[in-house]
Every structure is written in structure tokens, then in C-alpha cells.
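Listed here are the chains, written in short residue letters.
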Amino acid sequence: MTRVLSPVPGRVVGLAGVPDPVFAQAMVGPGTAVDPARGPGAAAAPVAGTIVKLHPHAYVVVDAEGHGVLVHLGIDTVQLKGAGFELLAAEGDRVEAGQPVVAWDPAAIEAGGRSPVCAVVALDAGADALSGVREDGDVERGAELFAWS
Amino acid sequence: MSERTIKVESKVGLHARPAALFVQTAAQAPIDVTVAKPGKEPVNAKSILAVLALDARHGEEITLRADGDGADELLAKLAAVVAEAEPKGA
């Protein structure tokens, strides 16, 4: 059982609340999304494990059970080519759940005309593998978003 | 064994939308299919985790391999996804 934690503080909007059909239709995988609190902060590892992929705008952490979780910071943020994101860890690093991975400012992303909504996706998971998926309400960074069995 | 080497035309590489389309297309087939970067170990093309970790970027070449009934057709479908600059739809 993997407990997947919110990488950011904010308001849970569910995958359907992501303004990108690839995420909203769960094409990447099941999960949820958080509209982050505006202002400078750091996005954290959603699980304890190894950072197998780290881009400025997105990262994947794989835990001891082999469960890989994608955190995607904002929509179309790949176009920023890293501007506005600061890496606080490196690819291949082992991280604790809740450990800061990327520093960013959701308000700056929004000011640039992009949505800062963060998708948190269970990779290669069947939809019925997740339980207790949060779809709304406010969360602190590190609050549980869903469990993955 | 069918094999096909193609260049990634997606501007963002094999990420997000292109990666999801690629994996969905692969997963619809009943046969095993892999994707590899030159000189690297092939990974399961049906795994979004493996494909995202592969990190195939715009302009890079990848090699697809499949074996069994419909292998050629499957590789043609996957090549079509990889050949699109901005893939749309599911």
C-alpha cells in the first residue's frame, strides 16, 4: 500500500479539474490534482523513493513497491523550459515523502497565462487500484491524496 | 521480430500527451512491444512509467520492437504517434 501525499498546499480539484484533456481524461493514469496556494513555495515528493525522472516542471518518484507517481507542476509548463523552477534535488536521488524537490511560484506561472494546477498521477495503475481519492477540499503539503494498493 | 527505428517529432519529446497516446496505442495490442534509445536497454512500451523514464526527446531516434501477430501493424501505428509534432486526441 502506497500513501500518496500532496506535493503542494492548496485546493484539491480532482483530475477532472485539470485544464488539459490528457490529464482530465486520466490518459496518463488515475490520480487527482491540486490547485496550489499562490506564492513562492516548494513542491515535494509525493512518496518516499527514488526520483527516476526530474524535469523542472515535472518529476516521477518510484517507491519501494515499484509504484511510480508523476507530479506535473502546471499545464503547458514544459514551454517555460525551466524558467521559474529551481531544482532542489537531482535525478537518481532517494527522497523522503514530503521532501522538497522543485522550488517554484504558482502565482508567477499564472501571471504568465498558464494554469499552475498540479496533477498527481499513479503511473501504470488501474483505476480500481486507488482508494480514498481526494476530489475536493483544502490540503496542506503532505496531506494524503489517495492510497494505492 | 519486427523492428522499426524512427525519429521523435513531438516538440516536447515522448512526454505527457505523446507518451500517453503512445502507451495507450501499445497497450491495445495483445503482443509484447518495446522501445529503446540507441545503445540502451529496451523498455516496455505499454508502461507509462517506463516510457516517461526513457525520456526520449525531440529529434532523438528510438527503436521499436515487437514479435507476433500484428507486429508490423502495431509498429506502424506507434510510429505514426511518434511522427506527429503535436499529437491530438486519444
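Here we summarise the structure given alongside this text. (Residues numbered from 1 in each chain as written. Chains lettered and ligands numbered in written order. Predicted model: local features only at pLDDT ≥ 70, side-chain atom pairs only at ≥ 80, totals over all residues. Heavy atoms only, no water.)

What to know about the pairing of strand β2 (residues 33-36) of chain B
Residues and elements named next belong to chain B. Of the pairings in the sheet, the one linking β2 to strand β4 (residues 61-66) comprises 4 bridges and is antiparallel in character. Paired with A36 across the strands is T63, a residue of β4. Both β2 and strand β3 (residues 43-44) contribute to a ladder of 2 bridges, which runs antiparallel. Residue pairing in the sheet places T34 in a bridge with N44 of β3. Where β2 folds back onto β3 in an antiparallel hairpin, the turn is made up of 6 residues, including G39, whose phi is positive at roughly 80°. (Pairing = 2+ DSSP bridges. Helix = DSSP H or I, 4+ residues; strand = E, 2+ residues; numbered from the N terminus.)

Describing the packing of aromatic side chains
Note on aromatic pairs: each is described by the distance of the centres and the angle between the planes. Residues and elements named next belong to chain A. The tally for this structure, following the rule as stated, stands at 1 aromatic pair over all chains. Ring centres of F85 and W104 lie 6.1 Å apart, and the angle between their planes is 15°; on these two criteria the pair is classed as stacked. Taken together, the positions of F85 in the loop between β7 (68-73) and β8 (86-87) and W104 in strand β10 (residues 100-104) put the pair 19 residues apart, joining distant regions of the chain. For the pair F85 and W104, a shared accessibility class is recorded, and that class is buried. (Phe/Tyr/Trp six-rings, centres within 6.5 Å; stacked < 30°, edge-to-face > 60°. Buried < 20%, exposed > 50% of the residue type's maximum accessible area, 1.4 Å probe, protein only.)

Examining the interface of chain A and chain B
Residue-level contacts link 16 residues of chain A with 17 residues of chain B. Together chain A and chain B conceal approximately 1,200 Å² of surface at their shared face, both sides included; 71% is due to carbon and sulfur atoms. Sorting the residues of chain A by area buried against chain B places M27, K53 and D124 of chain A first, and these three jointly supply 41% of that buried surface. At the boundary of chain A with chain B, the tally comes to 2 salt bridges. Counting only elements with at least two residues in the side of chain A that touches chain B, the list comes to α1 (21-24), β5 (49-55), β6 (58-62) and β7 of chain A. (Contact = heavy atoms within 4.5 Å. Buried area = accessible area lost by both parts, 1.4 Å probe. Salt bridge = Lys/Arg side-chain N within 4 Å of Asp/Glu carboxyl O.)

Some points on the nonpolar core
Judged by nonpolar contacts, the single largest core of 47 residues is most densely connected at V28, L70 and L123 of chain A together with F22 and I62 of chain B. Every element with two or more residues in this core is listed here: α1, β6 and β11 (118-123) of chain A together with α1 (16-27), β2, α2 (48-54), β4 and α3 (71-82) of chain B. Top contributing element to this core by residue count: α3 of chain B, with 7 residues. The residues contacting L70 of chain A, other than those within four sequence positions of it, are F23, V28, A58, Y59, V60, A119, V120, V121 and L123 of chain A together with L52 of chain B. Counting residues in each nonpolar core, the second largest holds 31 residues, with V12, A43, F85 and V95 of chain A among its members. (Core = buried A, V, L, I, M, F, W, Y, C linked by side-chain atoms within 4.5 Å.)

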